[in-house]
Amino acid sequence: AGAELSGKRFTYSPSIPSDFSYHANEVGRVFYGATTSIIPAASQIHAFEAWDYFDNSLKTSMGVAPLTPDWDLENHIYISDSGFISNEGSRRLDYRIDHDGVTATVVLGNGTGAIPPLFGNAYNAIVIGSSTGNHSRGGTTRDVAGRLKPDIVGTATYTSYAGPIVGSAAGLLIAKTKSDSSLSTAKRPEVIKAILMAGATKDEFPSWSRTATAPLDPVYGAGEVNIYNSYRILLAGRQPASPSAIRDVCGWDLNSVGTGLSLRYFFTIGSGLSGTVSAILTWDRQVSPINGAWNQGITVSVDNYDLRLYRSNAQFEKGDLLQDSISTLDNVEHIYLSNVTAGTYMLEVSSVSGSKQFGIAWNVVGVDGDYITPSFSAAAPAIDSLSSEMTVSGGAQAGTRADDSGFSPLVFPWLKDGIATTFLESGTGLNRRVPTADTGINKVLVEEICGTFSHNSVDLLPVLNADDGTAAVSPVVFGAP
């Protein structure tokens, strides 16, 4: 796709294409383009023609196991109604996602027709529509009809480009889980899916709605992808279930629980604050070859989980039920409740049947769009000096978490004309370089994960570096809180 994609290596499977595809080229630009995607550093791309993917990767209709992938993310920007492979194709993709830990994003068709067999009926993939609402709808038609799709929508007119927007966002989260061992558990597709959906926004869609048995909106799913929200949720870290510990107001977990049992996640909204709670619970459909032999056919099973939000108290007792998500069809449950006032709350995950591991993610956002300050908040992080080696550190601890594990991380978005250009995390140093055309006043904004936007900031004046034509910002050393 030209110089923009320089430094990227393509593996054509199984053969090099004989012609140019404008559609594939534009999808690639959005998905992994060096200046047009959220994952510009993706260096290895496997390119399949759709039928070759079914034949040579999923091994559909061949009576053998799918190919074991050596990649982390798949992005499918096509639909199909080929009856003889539709059920098996979706089931084999679900098997790959669950068995091999590959996250897959797939799209619905343009127009408001029925959901296409491939891959809109998949359980384990992230099914994507357009923020315009001009995409397939009406519930799934295969492997249990009436399940709600899409899962999430992307900011593009056509699903072909909404898909790689969401796929690129998933790629950023996956890349972070691979570079930070403390986040490695979040690489599981159930968690990536939950984090993306929990971070999605609904304000763009005045008609958005859900019910206890229909947890997603029938047109917009969980809402519009918002990588800023989802990245914050990821960086908040794993927040394990506990019967007696307060967790952050955003976070995630990978867990499991047996039939008839439940797990609990507590969080607190501080005095004088209120916010909107968004939580997603999702788990994979299980797909297996009969008697371990693919030539004998495929069996499928889906566990049934419920998600509920309760008011609680300092003694971790269950109070009033505020909202529940108890679909018997979907493998996704969604809590979304506005105007939640100060106090302690409990998210409860219950297994109606089965013990499949699940991914859960949650996010609490204030009524003004800012993030709720964690209940264990510290004093605002401070800029110590404006020297060439500038130190940013957290303030004195104002309280301790119930599990005494310290503060949530800090992030440091660099801003140019008020627009965030990149993230830095606590404990890292940077000699940030920007193109000469972007010289001028930049700003580094210190934030606490899940905290407010009101922490200290400082203007940085880039100095022209004549050697390579870039502007070098003074080195900055960041200190953990």
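Our structure's up above, just so we're on the same page.
None of the values given here were measured: they were computed from a predicted structure.

(A) Here's a closer look at the overall build of the protein. For the protein, the helix and strand inventory stands at 7 helices and 28 strands. Counting only residues that meet the buried cut, the protein has 53% of its 481 residues in that class. Counting contacts in the protein only where the partners sit at least 6 residues apart, residues at least 24 apart contribute 71% of the total.

(B) Here's a closer look at the environment of Gln296. Within the secondary structure, Gln296 sits in the loop between strand S10 (286-289) and strand S11 (298-301). Linking Gln296 and Gly63, residues 233 residues apart in sequence, is a C-alpha distance of 7.4 Å.

(C) View of the sheet that holds strand S5 (residues 126-130). Strand order in this open sheet of 4 strands is S3-S4-S5-S6, and the pairing throughout is parallel. At either margin of the open sheet sits one strand with a lone partner, and together these are strand S3 (73-76) and strand S6 (152-154). Across the sheet, the axes of successive neighbouring strands diverge by a mean angle of 30°, strand direction being ignored. Bridge analysis of strand S4 (residues 103-107) against S5 gives 3 bridges, and the strand direction is parallel. Pairing of Val106 across the sheet is with Val127, part of S5. Its contacts with the sheet put helix H5 (residues 159-179) on S3, S4, S5 and S6, and the angle it makes with S5 is roughly 135°.

(D) Spatial organisation of the side chain of Glu333. For Glu333, the position within the fold is in strand S14 (residues 332-353). Of the buried charged residues, Glu333 lacks a salt bridge, with Arg210 as the closest side chain of opposite charge at 6.3 Å. A distance of 3.2 Å separates a polar side-chain atom of Glu333 from the backbone nitrogen of Ser327. With near-sequence residues (within four places) excluded, Glu333 lies in contact with Pro215, Ala279, Ile280, Leu281, Trp283, Tyr305, Asp306, Leu307, Ser325, Ile326 and Ser327.

(E) Representation of helix H7 (residues 227-235) within the structure. Burial runs high along H7: 7 of the 9 residues are buried. Burial in H7 covers these residues: Asn229, Ser230, Tyr231, Arg232, Ile233, Leu234 and Leu235. Structurally, the start of H7 carries an N-cap: the backbone nitrogen of Tyr228 is 3.2 Å from a side-chain oxygen of Asn226. Trailing H7 by a residue or two, Gly237 shows a phi angle of about 90°, which is positive.

(F) Just the packing of aromatic side chains, in detail. In total, this model carries 18 aromatic pairs according to the counting rule given. On the basis of an interplanar angle of 15° and a centroid distance of 6.0 Å, the ring pair of Phe10 and Tyr12 is categorised as stacked. The partly exposed category is assigned to Phe10, whose relative accessible area is 27%. Given the relative accessible area of 35%, Tyr12 is considered partly exposed. Consider the rings of Phe267 and Tyr345, whose centres lie 5.7 Å apart with planes at 25°: the pair is stacked. Residue Phe267 is found in strand S9 (residues 262-283), and its partner Tyr345 is found in strand S14; the two are separated by 78 residues along the sequence. Across the pair, Tyr345 and Phe267 agree in class, each one buried. Following the ring pairs from residue to residue traces out a cluster consisting of Phe48, Trp51, Tyr53, Phe54, Trp71, Tyr78 and Phe119. Lying across the ring of Trp208, Lys202 places its NZ or CZ 4.9 Å from the centre.

(G) Inspection of the pairing of strand S12 (residues 304-312) at higher detail. Within S12, 8 of the 9 residues are buried, leaving the element largely enclosed by the surrounding structure. Sheet topology note: the S12/S14 ladder contains 9 bridges and is antiparallel. Counterpart to Asn304 in the pairing with S14 is Ser353. Where S12 lies against strand S13 (residues 321-325), 4 bridges are found, and the strand directions are antiparallel. Bridge pairing links Tyr310 to Leu321 in S13.

Here is what the cut-offs are and how they apply
Residues numbered from 1 in each chain as written. Predicted model: local features only at pLDDT ≥ 70, side-chain atom pairs only at ≥ 80, totals over all residues. Heavy atoms only, no water. Helix = DSSP H or I, 4+ residues; strand = E, 2+ residues; numbered from the N terminus. Buried < 20%, exposed > 50% of the residue type's maximum accessible area, 1.4 Å probe, protein only. Contact = heavy atoms within 4.5 Å. Pairing = 2+ DSSP bridges. Axes fitted to C-alpha atoms, helices over the stretch in contact; angles between N-to-C directions. Lys, Arg positive; Asp, Glu negative; His and termini not counted. Salt bridge = Lys/Arg side-chain N within 4 Å of Asp/Glu carboxyl O. Polar contact = N/O pair within 3.5 Å; in protein donor to acceptor, adjacent residues only side chain to side chain. Phe/Tyr/Trp six-rings, centres within 6.5 Å; stacked < 30°, edge-to-face > 60°. Lys NZ or Arg CZ within 6 Å of the ring centre and 35° of its normal.

Shape descriptors only; they carry no functional weight alone.
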